[in-house]
Amino acid sequence: MPTTVRDVVFVDGVRTPFGRSGEKGMYAQTRADDMVVRCIRGLLERNPGLPPERIDEVAVAATTQTGDQGLTIGRTAALLAGLPRSVPGFAVDRMCAGAMTAVTTTASGIGFGAYDVAVAGGVEHMGRHPMGEGVDPNPRFVAEKIVDPSALVMGSTAENLHDRFPAITRERADTFAAASQARLAAAYEAGKVQRGLVTMATRHSERGWGLATTDEPPRPGTTVADLAQLRTPFRPHGRVTAGNAAGLNDGATACLLAEAGTAHELGLAARMRLVGYAFAGVDPSVMGVGPVPATEKALARAGLTIDDIGLFEINEAFAVQVLAFLDHFGIAEDDPRVNPWGGAIAVGHPLASSGVRLMSQLADHFEEHPEVRYGITTMCIGIGMGGTVVWENPHHDDAGGWARPTTTGTTSTGTTTTGEDAA
């Protein structure tokens, strides 16, 4: 057992295209566990140098752990994906930060020496399992005023956040949302988003068999004027709409994590290093502010400041939540470092799966921006929490020896690397 924490690297991440929930969505008759299986198999296909038996753990998150999202889905998905029976697995639930927590939990195990290689991800089939399905909140929450009743309705918490920060108007939220759609459309046009997608077979009673190759939720060409016409379902004359919030979506993600030396031994790409992470609690009635204290906590523990961060992947559960984060840290809402390829408002937010999407995209951004040393992935979490993970870019000149393999191998993108070339 090591006496010091070992370097943990993000090797690769994939996801299914995200779909719209409901009977007309492309995954209406697709099982949630099959989506996870496709992601695990996709990781193995993209990283042929990894012997499946070297995987020490599979952690899969789901917010609603029932039906095809239940039965300890990390273990069942591992078996269904064809991993050796010796590979264990478990399930995770931290609502929207499920996949993020699957990553931080297994990464902690790698750092401690319990694992060398792990798969972490998440899934949410919100069409089959709507958010809140089967829950039974304890009446003490309201009777004893432990939380405001609005804390149990995410859209209401976003309206509360608008109340707390009146400078964040509906017009600002709509402007941010339209920009998210535009950035995603530009990234698709440039062929950037497609690199992280694995195709997914689908079946629909009306459409027959199909193949999901692109995301279903995006609405390219959306304008602020279009968004201004939408109703506010959570409050009369409110500010939160279906246009400036993430939708109800289906999809899955998975990523490959490894101890740096093991990654180098197997010829796997070390695409970024986990520097540190933190979760924080806030008043559940304004849960969207959670990324602020989580980020402050993570940066303080890492010995960094917000000025050290050159790229941000912020989950867009609601535009107001992202804007509250940016205003707090003095970052312009059109700053090109923030969600360069758009975010969940455009691409979708299948709850527990989204954390790995943020990480996969940050790894791609690092390749395009070797001048950036540190980046963060952050998100708000239901019932009043936030989570933030800090990452280091291997392409930066000051990255440590973890970024420079001593063996020859093939990266997840198919590029052969030897020694210093991998930096």
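Small disclaimer: the values here were computed from a predicted structure and weren't measured. (Residues numbered from 1 in each chain as written. Predicted model: local features only at pLDDT ≥ 70, side-chain atom pairs only at ≥ 80, totals over all residues. Heavy atoms only, no water.)

Concerning empty space enclosed by the protein
Item 1. Enumeration according to the criterion identifies one cavity of 30 Å³ or more in this entry.
Item 2. Here the largest cavity is characterised by a volume of approximately 100 Å³.
Item 3. Every residue lining the largest cavity is counted, 13 residues in all, and those nearest its centre are Arg-15, Val-193, Gly-196, Ser-360 and Gln-361.
Item 4. For the lining of the largest cavity, the secondary-structure elements that each account for two or more residues are β1 (8–15) and α12 (354–368).
Item 5. Sorting elements by how many residues they give to the lining of the largest cavity places α12 first, with five residues.
Item 6. In the lining of the largest cavity, the residues fall into four nonpolar, five polar and four charged. (1 Å grid on protein atoms, 1.4 Å probe; cavity = no way out; pocket = protein on both sides within 12 Å on 5 of 7 lines; lining within 4 Å. Points joined across faces, edges and corners; volume = space filled by probe spheres on them. Helix = DSSP H or I, 4+ residues; strand = E, 2+ residues; numbered from the N terminus. Nonpolar A, V, L, I, M, F, W, Y, C, P; charged D, E, K, R; others polar.)

With respect to the packing of aromatic side chains
Item 1. A complete count under the given rule lists four aromatic pairs for this structure.
Item 2. With centroids separated by 6.1 Å and ring planes inclined at 65 degrees, the aromatic side chains of Tyr-277 and Phe-279 adopt a geometry described as edge-to-face.
Item 3. Among the residues examined, Phe-279 registers a relative accessible area of 15% and is labelled buried.
Item 4. Consider the rings of Phe-312 and Phe-325, whose centres lie 6.4 Å apart with planes at 70 degrees: the pair is edge-to-face. Linking Phe-312 in strand β10 (residues 309–314) with Phe-325 in helix α10 (residues 319–329), this pair joins segments that are 13 residues apart in sequence. (Phe/Tyr/Trp six-rings, centres within 6.5 Å; stacked < 30°, edge-to-face > 60°. Buried < 20%, exposed > 50% of the residue type's maximum accessible area, 1.4 Å probe, protein only.)

Some points on the UniProt feature "domain: Thiolase N-terminal" (unreviewed entry) in the chain
Item 1. As recorded in UniProt, the sites labelled "domain: Thiolase N-terminal" (unreviewed entry) are residues 8–259.
Item 2. From the first C-alpha to the last, residues 8–259 spans 5 Å; its make-up is 31% helix and 19% strand. (UniProt positions renumbered as here; feature names shortened; annotations may be inferred.)

Examining the environment of Pro-88
Item 1. Looking at where Pro-88 falls in the secondary structure, it is placed in the loop between α2 (73–80) and β4 (89–92).
Item 2. Sequence separation of Pro-88 and Arg-75 is 13 residues, and the distance between their C-alpha atoms is 5.8 Å.
Item 3. Filtering out sequence-adjacent residues up to four positions away, Pro-88 remains in contact with Asp-56, Glu-57, Val-58 and Arg-75. (Contact = heavy atoms within 4.5 Å.)

Some points on the side chain of Thr-262
Item 1. The topology assignment puts Thr-262 in helix α8 (residues 260–266).
Item 2. Overall, Thr-262 belongs to the buried group, its relative accessible area being 5%.
Item 3. In contact with Thr-262, other than residues within four places in its own chain, are Arg-54, Asp-116 and Val-117.

Focus on the side chain of Glu-159
Item 1. When you line up the elements, Glu-159 lands in helix α5 (residues 154–164).
Item 2. Taking relative accessible area as the criterion, Glu-159 reaches 0% and is therefore assigned buried.
Item 3. If near-sequence neighbours (up to four positions away) are discounted, Glu-159 is found in contact with Thr-232, Phe-234, Arg-235, Gly-238, Arg-239 and Val-240.

Things to note about the layout of surface pockets
Item 1. Here the largest pocket is characterised by a volume of approximately 880 Å³.
Item 2. Mapped by element, the contributors of at least two residues to the lining of the largest pocket are α5, α6 (170–189), α7 (224–228) and α11 (344–347).
Item 3. Of the residues assigned to the lining of the largest pocket, the class counts are 21 nonpolar, nine polar and three charged.
Item 4. Put simply, the second largest pocket is a space of about 450 Å³.
Item 5. Met-95, Gly-132, Val-135, Leu-152 and Ile-383 are, among the 18 residues lining the second largest pocket, the residues nearest its centre.

Overview of α6
Item 1. The end-to-end C-alpha distance of α6 is 29 Å, a good match for the 28 Å that 20 residues give at a rise of 1.5 Å each.
Item 2. Of the residues one or two after α6, Gly-191 is the one with positive phi, at around 75 degrees. (Expected span 1.5 Å × (residues − 1).)

Concerning helix α3 (residues 98–112)
Item 1. When the terminal C-alpha atoms of α3 are compared, their 21 Å separation across 15 residues agrees well with the 21 Å that a helix rising 1.5 Å per residue should span.
Item 2. Burial within α3 is extensive, with twelve of its 15 residues counted as buried.
Item 3. Among the residues of α3, Gly-98, Ala-99, Met-100, Thr-101, Ala-102, Val-103, Thr-104, Thr-106, Ala-107, Gly-109, Ile-110 and Gly-111 are the ones counted as buried.
Item 4. One or two residues past the end of α3 sits Gly-113, with phi positive at roughly 105 degrees.

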